[in-house]
Amino acid sequence: MSRALERSLGEIGARLEQSLFAEEVSRRAGLLQSLDPRVKVVTTLALIVAANLARRAPAIAGLYLLALLLAWASAVPLGLFVRRVWLAVPLFTGLVALPALVLTPGPVLAQLPLGLAVTRTGAVTVLLLLLRVGTSVSLGLLLVLTTPWPALLRALTVLRVPDTLVLIVGMTYRYIYVLLRLANDMFLSRKSRVVSRLSAARERQMQGAIAGTLLARSLHTSGEVYLTMQSRGFRGYGQTLRPGRVTWRDCLWAAAVALVAALAVLVAR
Amino acid sequence: MAGYEPSLSPKEAQVDTYSPLARAPRWLKVYYGLAAVVLFTTGMHVPDGYLSPVTCAVMFALALPFWVLGLRRVRETLSARSAPLIALMAAFSFVIMMFNVPLPGGTTGHATGAALAAIVLGPEVAAIAVSVALLIQALLFGDGGILAIGANCFNIAVVIPFVSAAVYRWLASGASSSARRRVAAAALGGYVGLTVAAFLTAVEFGIQPALFHAADGAPLYAPYPLAVAIPAMVIPHLLVASVVEAALTGLVVAYLLRINPQLLRAGEGAQPAAEAGGRRGLRVLWLVLAALVVAAPLGLLAPGTAWGEWGAEELAELGLGAVPRGLERLGALWGAPLPDYDLPSLGNAGLSYVLSAVIGVAVTVLVVWLFAALLASRRPAEGSR
């Protein structure tokens, strides 16, 4: 059985699972779930900007602790919340940042063999980068985990995303699943018919064929979807439910976030 | 010497007797290269934290006109059909980003599918579709930053489609072009598109330490200067990721030509006129080239010599005890007409950089044009066989 095939299958499965989990958490009762999605989008963005503008590690670490606290208050499973960020971040950012420990010029912190030395400046840089990436990803994850997808989509309009684009994003999300299922089926049917090892060239050809079929199916489906839309009276623009009202709780939340964000950015500047 | 060295106070600079970048041993560079090969082939999505919010805002502003242009073009040419078409293509490029394409030698890699989308739909529509896919990835799956969405969309959804479509249309223009030629043009388009995108991403990374650092010189965002970031991003892409992109683009175009050729024609027909589209694509390619030429003085920010382009003296400086004798002998054989990209008669370093870039581009274009002309003249003979 070919490795690439196996891996493609695994990744497609993982994606489906991840997103199903997000749907489930967003329907639990919790602090963030009770806030208006539009306010949540804006405040999350403000917190991420603050985490990226802050120049001191303690300020960013404080924002991460806040994210942990919010996750706890919003019934997000903490173990999973921490693992999903900190298993992935060091793997990518950690490895990328590691050489900066020795490559950044500055006062020597620890001598290593082969005439290398970890510099203080390098250590600070790597710490800052890891904290920043981890905190930003956590804050984004928090927003997505606690907001149902349709509400999140509607909330995008406050950021002046054009209606047409919101409509397209919504449709894309829906058809990602259709195409994922289709790709999964094609891989699986192929897998069930392959007994020997495939040569790399054969495998490439097969993947090309699957991708090509998927592309043809996508274009074909888009035509069918259009006809369906037209038959139901589509006039070139989408309609969404009127969003709910912003309550005093939302205002309080926004004010608190503004304060925290300003504090994180301005502290020890 | 690193680019942010001047920001160190003289006292600290004295304490630091250790100049890491120049004396970093070969194994460290090899390690870094290998790590980069593994990491950067799994996708080019820049997470938040690598780019300063200012850079993110600038990249967003750079991508914005392409979204406006794309949506407008879509409305003109496709009207109401556009919504489902773009949605399905966005979903397709989302799914295709998860495909593992096996390479010779046992490694596998991911492709972006942006080049393929550009060849089938035209770069304007592809830019919107791939942007939507990136937006969903960032929002829903945390792949790529939320602040960095502008940078990611510019690198992946704008640069790759426009560059690869320009290369494809240029090489495969004319209805008479053979299937083999079109497949090769598609693959080359994907290869060039992703490589250019990787280069631009590296520039975005590389300017961070020079522009944003703490008082003690510690970089606040991506830590590597241009001299490290560019080779670390571009070399693995040239060797692996761009090959994956080329393979996927070529394979799918080959498959479509065999099974469903009208699909490719339909994609080309979606443009007002294929030939005019080619012209426009070319014009965009020229614009990108011009932007790169103007950006050439950025190289002045990069200290040291490009990785792998050391001269004999620099090799000795890098700590190589004995300069290979062949290099010493052959090095003198070829004196570049523009040594170190410098025109001595011009005092201004930035200006001479731009001029060198213009001359370099002109020479490259001439060579490629000659090559293409040669290919074109051989085509009828091939067809008669």
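These numbers come from a predicted model, not from an experiment.

Topic: the overall build of chain B
Helix and strand counts for chain B stand at 16 helices and two strands. Counting the 385 residues in chain B, one finds 49% classified as buried. Here the contacts in chain B between residues at least 6 apart in sequence split such that 75% fall between residues at least 24 apart.

Topic: the interface of chain B and chain A
Contact residues are listed per partner, giving 73 residues for chain B and 75 residues for chain A. Secondary structure elements with two or more residues in the side of chain B that touches chain A: α1 (10–15), α2 (20–23), α3 (26–40), α4 (53–78), α5 (82–96), β1 (101–102), α7 (123–141) and α11 (226–259) of chain B. With 13 residues, the single largest contributor to the side of chain B that touches chain A is α5 of chain B. Per-class residue counts for the side of chain B that touches chain A are 59 nonpolar, eight polar and six charged.

Considerations on the packing of helix α10 (residues 200–231) of chain A against α11 of chain B
At their nearest, the axes of α10 of chain A and α11 of chain B sit 8 Å apart, and the two run at 65° to each other. Taken together, α10 of chain A and α11 of chain B sit at an angle that is classed as roughly perpendicular. Two packed elements cross with a definite hand, and for α10 of chain A against α11 of chain B that hand is right-handed. Contacts between α10 of chain A and α11 of chain B involve R204, Q205, Q207, G208, A209, A211, G212 and L215 of chain A from the first element and A247, L248, L251, V252, A254, Y255, L256 and I259 of chain B from the second. Residue composition of the contact of α10 of chain A with α11 of chain B, by class: 11 nonpolar, four polar and one charged.

Focus on the nonpolar core
One recurring pattern in soluble globular proteins is that nonpolar side chains are buried together. I86, V95 and A129 of chain B are the most contacted members of the largest nonpolar core, which has 170 residues in total. The element that contributes the greatest number of residues to this core is α11 of chain B, accounting for 21 residues. Those residues in contact with I86 of chain B, other than ones at most four positions away along the chain, are I168 of chain A together with V74, V125, I128, A129 and V132 of chain B.

A word on the confidence of the model for chain A
Averaged over all residues, the pLDDT of chain A equals 81, while 90% of them reach at least 70. Of all secondary-structure elements in chain A, the lowest mean pLDDT belongs to helix α1 (residues 3–25) of chain A, at 70, while helix α3 (residues 57–73) of chain A reaches the highest, 91.

Looking at the environment of M233 of chain B
Within the secondary structure, M233 of chain B is located in helix α11. Judged by C-beta crowding, with 26 C-beta atoms within 10 Å, M233 of chain B ranks as buried.

The rules behind each value
Residues numbered from 1 in each chain as written. Chains lettered and ligands numbered in written order. Predicted model: local features only at pLDDT ≥ 70, side-chain atom pairs only at ≥ 80, totals over all residues. Helix = DSSP H or I, 4+ residues; strand = E, 2+ residues; numbered from the N terminus. Buried ≥ 20, exposed ≤ 12 C-beta atoms within 10 Å, placed from the backbone. Contact = placed C-beta atoms within 7 Å. Nonpolar A, V, L, I, M, F, W, Y, C, P; charged D, E, K, R; others polar. Axes fitted to C-alpha atoms, helices over the stretch in contact; angles between N-to-C directions. Parallel < 35°, antiparallel > 145°, perpendicular 65-115°, else oblique. Left-handed = near helix turned anticlockwise from the far one by under 90°. Core = buried A, V, L, I, M, F, W, Y, C linked by C-beta atoms within 7 Å. pLDDT = per-residue confidence, 0-100.

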